[in-house]
Each structure stands twice: as C-alpha cells, then as structure tokens.
Amino acid sequence: MIKSMTGFGKAEFEINNKKITIEIKSLNSKQIDINTRTPALYREKDIEIRKLISEKLVRGKVDLNIYVENLGDETNSKINEQILKGYFHQLKEVSDKLGLTTDHRTLHAALRLPDVVKTEYESLDEQEWETIEANIRKALNDIDTFRDKEGLALETDIIGNVKSIHQLLKDIEPFEKQRIEAVKTRLTDNLESLKMNGNVDQNRFEQELIFYLEKLDINEEKVRLNNHCNYFYETAGLKESSGKKLGFISQEIGREINTIGSKANDSNIQRIVVHMKDHLERVKEQLLNVL
C-alpha cells in the first residue's frame, strides 16, 4: 500500500466559553519536521503534541495551528482600580495647578499609564486539555485518511510507470539477435577491408570476437532489471508504506537501465532505454511524496 505524505485535518469544538479550532497540514519531507503554533496557555503541552504527531504521521513536514476564540464576557485583562484612582487624583492635582479642566480625557490618559491594566494568566484545566488532545487525534486521523486517498492516486501512477519499464524490457528482445549479427558482420567487414591477405589467425580472431560480444551482452542486466521491477511491485503491496525502500529500488532499476544503454550499441535499443528513463524519472518524482 502506497501512502502519500500530503494531508490536511481539522477539528472544531467549544469548551469553557471558547471556540477552539485545530488545523494540521502535512507535506513531503525526508524526515519528520514539526512546526506548532499554539496559544501560550497550551505551550506546556508542546512536547506531548509533537509526540502525538510523530507517532501518527511518521514522516513529513507538519504544521499544527490551534486557534482560540473567546465566546464569553470574561477577559484575562483586569483594571487595577486602586492604581487608576491614584493616577487620576495626581493628574487632577496637576491640572488644577495649571488651570486645566479635568474631564474624561484625563481618565483616558490615566488608563494608559503603567500597571493600570494587568493580565491574569489562567492555568490549563486538565479536562480542557483532554478534550483538545482528543480533537488533535481526530484531526490526525483525518490526515491519515487523506493520505490513504492521495496514496491510491500515487500508486496508480507509479505502478503504471514501472509496468511500462517492464514492458519496454520485453520490447528489447526482438532487436538483440540482429544486434549481435550486425556487430559480427561489421567487425568481419572491417577486417577484410584491411586487406591483410589472409594473414589472420582465425582462432585468435574468433576468441577476440567472443570476448567483445560478451562485453556487449545484456542478459544479466535484463534479469536484474526484471527482478527489481518485481521487487518493486512486492514492496509497494506491503501493508506499511515504504517510500524510502521504493526509492532505493528505483535507484537499482536506474542502474540497470543505464548499463543496458551503455552496452546497447544499437539505435533501436537505445531509443527504448530513453523511454525507460523517462518513465523512471516520473517514478522518482512521485516517490518524493510517498511516506
């Protein structure tokens, strides 16, 4: 089963006069790379949040955002009445001495002075955190489902390209025999063109010819390429997604294709190799997003 690293999950709920929205997005990455943006109240749970993400998503670039909207009349900011009164009376005294009028603008000025408005930081309620954790898990499950669906599309494209490589491997066979015969004919013709008046050791010539043809033989590469393709299908069909392993297998497939191309010595086979490389590049590109 092939699973994508791309996904999106979201959870919304209300608790303690708050509307909380959790959004998690994942993209492809070589390792697990987690970025969290949470209100200060939940920062103490950051390690737990990261552990939940890494256990569920395994790999990818993950962004988690928690948004909080206050639905009640309560606020964490309080006016310190005693300090405000002290500032106001001092401002009134100065205004009276300067012959200025004391009005609502004096109160506005006092409100902007230090320590008049203080913020009381609330402590995290464990029951609230349990609800948030449950919804983080829900968003992660949504991403996992999203990744499965994306993986199906990836699998169709990736396996389709590997099958094309497999088929192209079979298309090489008709050109192999004529390639060897063409090489033999060319070497013999070149030897005759030298006009060596029969001063050629025929046995030595045949030995050298066999040695040369063995260097052009691609049977081993074809067998290995066939095995690599079958191993690719087998690995892609495993229960757990194995993007890294499939990447390694694709490298081996590429190595055999390159060797066949370098030994081909035939334009028809080389054209087939070019098509193989094209399909392999598509496979490698898609594998970057496989978990």
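Residues numbered from 1 in each chain as written. Predicted model: local features only at pLDDT ≥ 70, side-chain atom pairs only at ≥ 80, totals over all residues. Heavy atoms only, no water.

Engineer: Describe the overall build of the protein, and please don't skip the residues or the numbers.
Structural biologist: Looking only at helices and strands, the protein features eight helices and six strands. Listed N to C, the secondary structure of the protein is β-β-β-α-β-β-α-α-β-α-α-α-α-α in terms of helices and strands. Of all 291 residues assigned to the protein, the portion counted as buried reaches 35%. Sequence-distant contacts, at least 24 apart, represent 80% of the contacts inside the protein between residues at least 6 apart. By element, 49% of the accessible surface of the protein is carried by carbon and sulfur atoms, the whole surface being about 18,100 Å². (Helix = DSSP H or I, 4+ residues; strand = E, 2+ residues; numbered from the N terminus. Buried < 20%, exposed > 50% of the residue type's maximum accessible area, 1.4 Å probe, protein only. Contact = heavy atoms within 4.5 Å. Areas by Shrake-Rupley, 256 points an atom, 1.4 Å probe, with all protein chains shown as cover.)

Engineer: An account of the nonpolar core is needed here, citing residue identities and associated values.
Structural biologist: Residues Leu-225, Phe-232, Ile-253 and Met-276 are the most contacted members of the largest nonpolar core, which totals 28 residues. Listed by contribution, the elements that provide at least two residues to this core are α4 (126-193), α6 (219-236), α7 (243-264) and α8 (267-287). Residue contributions to this core peak at eight residues, all from α4. With near-sequence residues (within four places) excluded, Ile-253 lies in contact with Ile-165, Leu-225, His-228, Cys-229, Phe-232 and Leu-280. By size, the runner-up hydrophobic cluster in this structure holds 22 residues, among which are Phe-13, Ile-15, Leu-41 and Val-62. (Core = buried A, V, L, I, M, F, W, Y, C linked by side-chain atoms within 4.5 Å.)

Engineer: Can you break down unusual backbone geometry residue by residue, with the values?
Structural biologist: Of note in the backbone geometry, Asn-16 takes a positive phi value of approximately 50° without being a glycine. By relative accessible area, which is 46% here, Asn-16 ends up partly exposed. Its identity as a non-glycine residue notwithstanding, Asn-265 has a phi of 55°, on the positive side. By the secondary structure assignment, Asn-265 is in the loop between α7 and α8.

Engineer: Provide a residue-level description of helix α2 (residues 81-98), including the pertinent values.
Structural biologist: Helical geometry note: an α-helix holds 3.6 residues per turn, so side chains three or four residues apart project in the same direction. The end-to-end C-alpha distance of α2, which contains 18 residues, comes to 26 Å, matching closely the 26 Å that a straight helix rising 1.5 Å per residue would cover. Residue Gly-99 follows α2 closely and has a positive phi angle near 75°. (Expected span 1.5 Å × (residues − 1).)

Engineer: Now, about the pattern of salt bridges: what can you tell me, with residues and values included?
Structural biologist: In this structure the tally under the stated criterion is 22 salt bridges. Lys-18 is the partner of Glu-128 in a salt bridge, and the nearest nitrogen-oxygen pair spans 3.1 Å. With Glu-128 in helix α4 and Lys-18 in strand β2 (residues 18-27), the pair connects residues that are 110 residues apart, well separated along the chain. You'll find Glu-128 and Lys-18 in the same group, each marked buried. Here Arg-105 ties to Asp-103 by a salt bridge, and the two come within 3.0 Å at their closest N and O atoms. Assessed through its relative accessible area of 57%, Arg-105 is described here as exposed. (Salt bridge = Lys/Arg side-chain N within 4 Å of Asp/Glu carboxyl O.)

Engineer: Let's hear about α7: which residues, and what values?
Structural biologist: The terminal C-alpha atoms of α7, which comprises 22 residues, lie 31 Å apart, in line with the 32 Å expected from a rise of 1.5 Å per residue. Every buried residue of α7 is listed here: Gly-243, Leu-246, Gly-247, Ile-249, Ser-250, Ile-253, Gly-254, Glu-256, Ile-257, Ile-260, Gly-261 and Ala-264. Note on α7: the residue one or two positions beyond its end, Asn-265, has a positive phi of about 55°.

Engineer: How would you sum up the pairing of strand β1 (residues 7-15)? Please name residues and give values.
Structural biologist: Of the two faces of β1, only one is covered, namely that formed by Gly-7, Gly-9, Ala-11, Phe-13 and Ile-15; the face formed by Phe-8, Lys-10, Glu-12 and Glu-14 stays uncovered. Strand direction decides the pairing type here: β1 and β2, joined by nine bridges, are antiparallel. Bridge pairing links Glu-12 to Thr-21 in β2. Between the end of β1 and the start of β2, which pair antiparallel, lie two residues, with Asn-16 showing a positive phi angle near 50°. (Pairing = 2+ DSSP bridges.)

Engineer: For the environment of Leu-280, give the residues involved together with the corresponding values.
Structural biologist: The topology assignment puts Leu-280 in helix α8. With 115 residues separating them in the primary sequence, Leu-280 and Ile-165 have C-alpha atoms 7.6 Å apart. Not counting residues within four places of it along the chain, the set of residues in contact with Leu-280 comprises Ile-165, Ser-250, Ile-253, Gly-254 and Ile-257.

Engineer: Can you break down the packing of α7 against α8 residue by residue, with the values?
Structural biologist: Packing of α7 against α8 brings their axes to within 10 Å, and their N-to-C directions diverge by 165°. Here α8 runs roughly antiparallel to α7, going by the angle between their axes. The handedness of the crossing between α7 and α8 comes out as left-handed. Where α7 approaches α8, its residues Leu-246, Gly-247, Ser-250, Ile-253, Gly-254, Ile-257, Asn-258, Ile-260, Gly-261 and Ala-264 are matched on the opposing element by Ile-269, Gln-270, Val-273, Met-276, Lys-277, Leu-280, Lys-284 and Leu-287. Tallied by class, residues from the contact of α7 with α8 come to ten nonpolar, six polar and two charged. (Axes fitted to C-alpha atoms, helices over the stretch in contact; angles between N-to-C directions. Parallel < 35°, antiparallel > 145°, perpendicular 65-115°, else oblique. Left-handed = near helix turned anticlockwise from the far one by under 90°. Nonpolar A, V, L, I, M, F, W, Y, C, P; charged D, E, K, R; others polar.)

Engineer: So what's going on with a nonpolar patch on the surface? Residues and values would help.
Structural biologist: A contiguous nonpolar surface patch, about 310 Å² in accessible area, is contributed by Ile-79, Leu-107, Leu-111 and Val-117. Here Val-117 lies in strand β6 (residues 117-119). Using a relative accessible area of 46% as the deciding quantity, one classes Val-117 as partly exposed. (Patch = residues over 30% accessible without salt bridge, like charges linked within 9 Å, V, L, I, M, F, W, Y side chains within 5 Å.)

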